[in-house]
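Listed below, chain by chain, are the residues.
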Amino acid sequence: MSRAWDDWDGLAEELGTRAVADGEPARWYDELWSAAGRGDVALPWDHTDPNPVLAAFAQPPAPGAGRRAVVVGCGLGADSEHLARLGWETTAFDISPAAVAAVRERYPDSAVDYRVGDLLDLDPDLARGFDLVVEIYTLQALHPSLREAAVTGLHGLLGTGGTALVVQMVRRDDEPRTAEPPWTLTRAEVEALAHDGVRLEALDEVPVEGRAYLLWRAVLSRP
């Protein structure tokens with residue numbers, strides 16, 4: 001990267017659009033995190049608090065004792081660390097080696113199993129292994145051409161009797177899909193996450209403090 005950026009979203013749009021045009025739609029995640037690691041772009045957040053939707057969903061007293069949770073697209077680890085504090089045996093993965101290196105550096109003594117992993121090609125030991133699956137903003141970061149494979153991966157993590165929390169930005173039916181990321185989801189696209197034995201238990205619109213957009217909060221289960 002030859003120049004410094006102060007706009008994470010702008011660089012994400014450029015890299016994502018270029019990766020799709022080159023026929024490598026998943027390439028840009030590690031390019032973006034690698035740029036952050038070199039100091040070429042400033043992170044848009046630097047916090048240790050979990051996503052508010054997750055915080056409201058998973059609260060003390062520790063509901064996770066003796067159960068397994070997985071966070072898809074772990075980023076800087078705030079959600080994963082939150083679940084670990086609540087007693088969940090937590091695994092968290094990201095397709096970007098640079099992202100995983102950053103979160104391991106941030107939490108060197110963490111109880112979380114941070115690893116490089118691909119939702120589109122799950123490690124065999126992750127299959128049907130979790131009581132709680134947390135997926136926040138990852139689906140919308142994946143080009144729509146990868147959506148079906150991503151949903152298959154999401155289903156593949158969820159154990160029998162397990163629950164998945166999915167959080168995405170709302171896109172209305174009359175809003176066009178953009179050429180650049182994020183590729184946000186309509187209600188129908190979120191509802192379509194439920195199939196092949198996975199059931200949609202709840203789907204709500206959640207406001208974001210200080211932001212103009214809304215979030216989908218979907219709760220899925222495998223009975």
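Scroll up a little and you will see the structure.
This structure is a prediction, so every number in the text was calculated from the model and none was measured.

What counts, and where the lines are drawn
Residues numbered from 1 in each chain as written. Predicted model: local features only at pLDDT ≥ 70, side-chain atom pairs only at ≥ 80, totals over all residues. Heavy atoms only, no water. Helix = DSSP H or I, 4+ residues; strand = E, 2+ residues; numbered from the N terminus. Rg over C-alpha atoms; globule rule 2.2 N^0.38 Å. Buried < 20%, exposed > 50% of the residue type's maximum accessible area, 1.4 Å probe, protein only. Contact = heavy atoms within 4.5 Å. Areas by Shrake-Rupley, 256 points an atom, 1.4 Å probe, with all protein chains shown as cover. Pairing = 2+ DSSP bridges. Axes fitted to C-alpha atoms, helices over the stretch in contact; angles between N-to-C directions. Expected span 1.5 Å × (residues − 1). Polar contact = N/O pair within 3.5 Å; in protein donor to acceptor, adjacent residues only side chain to side chain. Core = buried A, V, L, I, M, F, W, Y, C linked by side-chain atoms within 4.5 Å.

Examining the overall build of the protein
Helix and strand content of the protein: eight helices and seven strands. For the protein, whose C-alpha radius of gyration is 17 Å, the value lies close to the compact-globule estimate of 17 Å for 223 residues. Considered along the principal axes of its C-alpha atoms, the protein spans approximately 50 × 45 × 40 Å. Split into buried and exposed, the 223 residues of the protein put 47% on the buried side. Counting only contacts in the protein whose residues sit at least 6 apart along the sequence, the fraction spanning at least 24 positions is 65%. Counting every atom, the protein has about 10700 Å² of accessible surface; 50% of that belongs to carbon and sulfur.

What to know about the pairing of strand E5 (residues 158-169)
Among the twelve residues in E5, nine count as buried, and that is most of the element. As judged from the six bridges shared by strand E4 (residues 130-136) and E5, these two strands associate in the parallel manner. When the bridges of E5 are listed, Glu135 appears paired with Val166.

So, the sheet that holds strand E2 (residues 89-94)
Taking strand neighbours across the sheet as the criterion, the seven strands line up as E3-E2-E1-E4-E5-E7-E6 in an open arrangement whose pairing is mixed. If you trace the sheet from one side to the other, it starts and ends with strand E3 (113-116) and strand E6 (199-207), each paired once. Taking each pair of neighbouring strands and ignoring which way they run, the sheet shows an average axis angle of 15°. Across eight bridges, E6 lies against strand E7 (residues 214-221) in antiparallel orientation. Its bridge partner lying in E7, Leu203 is registered against Ala218. Docked against the sheet, helix H5 (residues 97-106) engages E2 and E3, running at close to 160° with respect to E3. In the packing of helix H7 (residues 147-157) onto the sheet, the strands contacted are strand E1 (68-72), E2, E4 and E5, and the crossing angle to E5 comes to about 140°.

Observations regarding helix H1 (residues 8-21)
The terminal C-alpha atoms of H1, which comprises 14 residues, lie 20 Å apart, in line with the 20 Å expected from a rise of 1.5 Å per residue. For H1, the complete set of buried residues consists of Trp8, Gly10, Leu11, Ala12, Leu15, Gly16 and Ala19. The inward-facing, buried residues of H1 abut helix H2 (28-38). The opening residue of H1, the one whose side-chain oxygen lies 3.1 Å from the backbone nitrogen of Asp9, is Asp7. Two residues or fewer after H1 comes Gly23, characterised by a positive phi angle close to 75°.

Side note on the nonpolar core
Among the nonpolar cores identified, the biggest contains 42 residues, and Trp28, Val133 and Leu157 are the most heavily contacted of them. If you list the elements that add at least two residues to this core, you get H1, H2, E1, E4, helix H6 (138-141), H7, E5 and E7. Ranked by the residues each element gives to this core, the list is headed by H2, at six residues. Residues within four places of Val133 in sequence aside, it is in contact with Val70, Val72, Leu154, Leu157, Leu158, Thr163, Ala164 and Leu165.

Here's the deal with the environment of Pro52
Inspection of the secondary structure puts Pro52 in helix H3 (residues 52-57). Between the alpha carbons of Pro52 and Glu191 there is a distance of 22 Å; along the sequence they are 139 residues apart.

A short note on H7
Across the eleven residues of H7, eight count as buried, placing the element largely inside the fold. By the burial criterion, the buried members of H7 are Arg147, Ala150, Val151, Gly153, Leu154, His155, Gly156 and Leu157. As for H7, its buried residues are in contact with E1, E2, E4, H6, E5 and helix H8 (187-191).

Some words on the side chain of Asp40
Along the chain, Asp40 falls in the loop between H2 and H3. Within the structure, Asp40 has its side chain in polar contact with the side chain of Arg38 (distance 2.8 Å).

Thoughts on unusual backbone geometry
Glycine aside, residues mostly have negative phi, and peptide bonds are mostly found in the trans state. The omega torsion across Pro181 and Pro182 is 0°, close enough to zero to call that bond cis. One can find Pro182 in the loop between E5 and H8. Even without being glycine, Arg128 reaches a positive phi, approximately 50°. For Arg128, the location among the structural elements is in the loop between E3 and E4. One non-glycine residue, Asp196, lies in the positive phi region at around 55°. In this fold, Asp196 is placed in the loop between H8 and E6. For Asp196, a relative accessible area of 66% gives the class exposed.

Honestly, that's just the spatial picture; any functional story needs more than this.
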